[in-house]
Amino acid sequence: MGDSQVCGSIGVFDSGVGGISVLQALVRELPCESFLYYGDSAHAPYGEKTTEEVLELSRGIVAKLLEAGCKAIVIACNTATSAAGEQLRLEHPNIPIIGVEPALKPAVLATRDGDVLVMATPMTVRLEKFQRLMDEWGSKARVHAVPCEGLAARIEQGRLGDADLTELIDSLVGRYANRVDSVVLGCTHYPFVVNQIKAVLGEVPFFDGGEGTARQLRRRLVECELLNPNEHEGGVQFFSSKATSAELALYERFFNYGAGGVSNF
Ligand code: DGL
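Residues numbered from 1 in each chain as written. Predicted model: local features only at pLDDT ≥ 70, side-chain atom pairs only at ≥ 80, totals over all residues. Heavy atoms only, no water.

**Topic: the sheet that holds strand S1 (residues 10-14)**
So, step 1. Read from one edge to the other, the open sheet built from five strands follows the order S4-S3-S1-S2-S9, with strand pairing classed as parallel. Edge positions in the open sheet fall to strand S4 (97-98) and strand S9 (236-240), since each of these has one partner strand only.
So, step 2. Running at roughly 155 degrees to strand S3 (residues 72-75), helix H4 (residues 78-91) makes contact with S1, S3 and S4 of the sheet. (Pairing = 2+ DSSP bridges. Helix = DSSP H or I, 4+ residues; strand = E, 2+ residues; numbered from the N terminus. Contact = heavy atoms within 4.5 Å. Axes fitted to C-alpha atoms, helices over the stretch in contact; angles between N-to-C directions.)

**A look at the confidence of the model for the protein**
So, step 1. When pLDDT is averaged along the protein, the result is 94; 95% of the residues meet or exceed 70.
So, step 2. Residue range residues 260-265 is modelled with pLDDT below 50. Its contacts to residues more than four positions away, or to other chains, number 24 contacts. (pLDDT = per-residue confidence, 0-100.)

**A short note on empty space enclosed by the protein**
So, step 1. Inspection of every chain in the model, using the stated rule, returns two cavities of 30 Å³ or more.
So, step 2. There is about 70 Å³ of room inside the largest cavity.
So, step 3. Lining the largest cavity are Ser-21, Val-22, Asn-78, Val-100, Glu-101, Leu-185, Cys-187, Thr-188, Pro-191, Asp-208, Gly-209 and Gly-210.
So, step 4. Taken together, the residues of the lining of the largest cavity break down into five nonpolar, five polar and two charged.
So, step 5. For the second largest cavity, the lining is made up of 13 residues, of which Ser-15, Thr-79, Thr-121, Cys-187 and His-189 are closest to its centre. (1 Å grid on protein atoms, 1.4 Å probe; cavity = no way out; pocket = protein on both sides within 12 Å on 5 of 7 lines; lining within 4 Å. Points joined across faces, edges and corners; volume = space filled by probe spheres on them. Nonpolar A, V, L, I, M, F, W, Y, C, P; charged D, E, K, R; others polar.)

**Looking at the site of the ligand**
So, step 1. Around the ligand, the surrounding shell holds 13 residues, and the nearest of these are Ser-15, Tyr-46, Gly-47, Thr-79 and His-189.
So, step 2. Within the backbone of Gly-47, an N or O atom sits 2.8 Å from an oxygen atom of the ligand.
So, step 3. Thr-79 is positioned with one of its side-chain polar atoms (N or O) 2.6 Å from an oxygen atom of the ligand.
So, step 4. With the chains in place, 99% of the 300 Å² that the ligand exposes on its own is no longer accessible.
So, step 5. Partitioning the shell around the ligand into residue classes produces five nonpolar, seven polar and one charged. (Near = heavy atom within 4 Å. Polar contact = N/O pair within 3.5 Å; in protein donor to acceptor, adjacent residues only side chain to side chain. Areas by Shrake-Rupley, 256 points an atom, 1.4 Å probe, with all protein chains shown as cover.)

**Digging into the sheet that holds strand S7 (residues 182-185)**
So, step 1. Within the open sheet, the four strands sit side by side as S6-S5-S7-S8. Their pairing is parallel. Each of the sheet's edge strands pairs with one partner strand only, and the pair in question is strand S6 (142-147) and strand S8 (206-207).
So, step 2. With six bridges connecting them, strand S5 (residues 115-120) and S6 associate as parallel partners. Following the sheet pairing, Asp-115 is matched in S6 by Arg-142.

**Brief notes about helix H12 (residues 245-257)**
Side chains of residues three or four places apart in an α-helix project in the same direction, reflecting 3.6 residues per turn.
So, step 1. The first and last C-alpha atoms of H12 sit 18 Å apart over 13 residues, in line with the 18 Å expected at 1.5 Å per residue.
So, step 2. Along H12, the positions that sit buried rather than exposed are Glu-247, Leu-250, Tyr-251 and Phe-254. Axial view of H12: buried residues confined to an arc of 100 degrees, hence all on one face. Turned more than 90 degrees away from the buried face of H12 sit Ser-245, Ala-246 and Asn-256, all of them exposed.
So, step 3. Among the structural elements, helix H2 (19-29), strand S2 (35-39), helix H8 (151-156) and S9 are those in contact with the buried residues of H12. (Expected span 1.5 Å × (residues − 1). Buried < 20%, exposed > 50% of the residue type's maximum accessible area, 1.4 Å probe, protein only. Arc of directions from axis to C-beta.)

**Description of the pattern of salt bridges**
So, step 1. Under the criterion given, the structure shown has 14 salt bridges.
So, step 2. Linking Glu-91 and Arg-59 is a salt bridge whose minimum nitrogen-to-oxygen distance equals 2.6 Å. In this pair, Glu-91 is assigned in helix H4 and Arg-59 in helix H3 (residues 51-67), connecting sequence segments 32 residues apart.
So, step 3. Judged by its relative accessible area of 30%, Glu-91 is partly exposed. (Salt bridge = Lys/Arg side-chain N within 4 Å of Asp/Glu carboxyl O.)

**Focus: the layout of surface pockets**
So, step 1. In this structure, the largest pocket encloses a volume near 810 Å³.
So, step 2. Lining the largest pocket are 35 residues, and of these Gly-99, Val-100, Glu-101, Pro-102 and Lys-129 lie nearest its centre.
So, step 3. Elements represented by at least two residues in the lining of the largest pocket include exactly H4, S4, helix H5 (104-111), helix H7 (128-137) and helix H11 (210-223).
So, step 4. Across the lining of the largest pocket, the residue classes break down as 13 nonpolar, nine polar and 13 charged.

Written out as structure tokens, the structure reads:
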């Protein structure tokens, strides 16, 4: 494998700010890699579009990231992984493409016969990929899958400490308050509001796909001999289809803030 490839960046994308929760896990796992993050905030939310629209948008972003010299791609979006993951791998067989999926397996294994609430976008819940996960794990616990219309779009706006956000969460899942044993955050936007979700549902274990995706990326880079051997920090660059300095500043704030933060973000 040539040096230029090994030293290439890892392209990470999402419909907007959500994938930054995955990016944080990627940087923790692989601090010596450099990352290009692309948020498609101009077209968010993906979860309320058609599958074809999300496939087309994802295709365009992957083309841009490859043009920028990325050696691997992380689809840091459950919705885009469901709508486009398999197709993108067919179209780019020589590039490692890693997706995310709702962490139903670890939640079911940890919960055993209990009640598991899955929060995800309407598209993620509807598509076959999630149905396959349900076929595999859905009989081992009582799984309640709730399409959370509007939640990713609201998180895109920031202002995570405002009351209307908690009210929205309450209207979506408040009926499960103190009735579930664990919660799967099946959209990469949601880890940023885990405290607000806890305020509605109570203190139960939460599961998201960030850490698993980071480990999978490491495995694939090793397998493809693409792991960067450098020992200094690689760094992160942010790009957005809403190409304003305010939007990029918002991305930086999400990245630095840490998942789960509230206050007056
Ligand atoms: N962050 C995305 C996900 O994991 C998509 C949210 C959206 O744009 O609807 O599903």
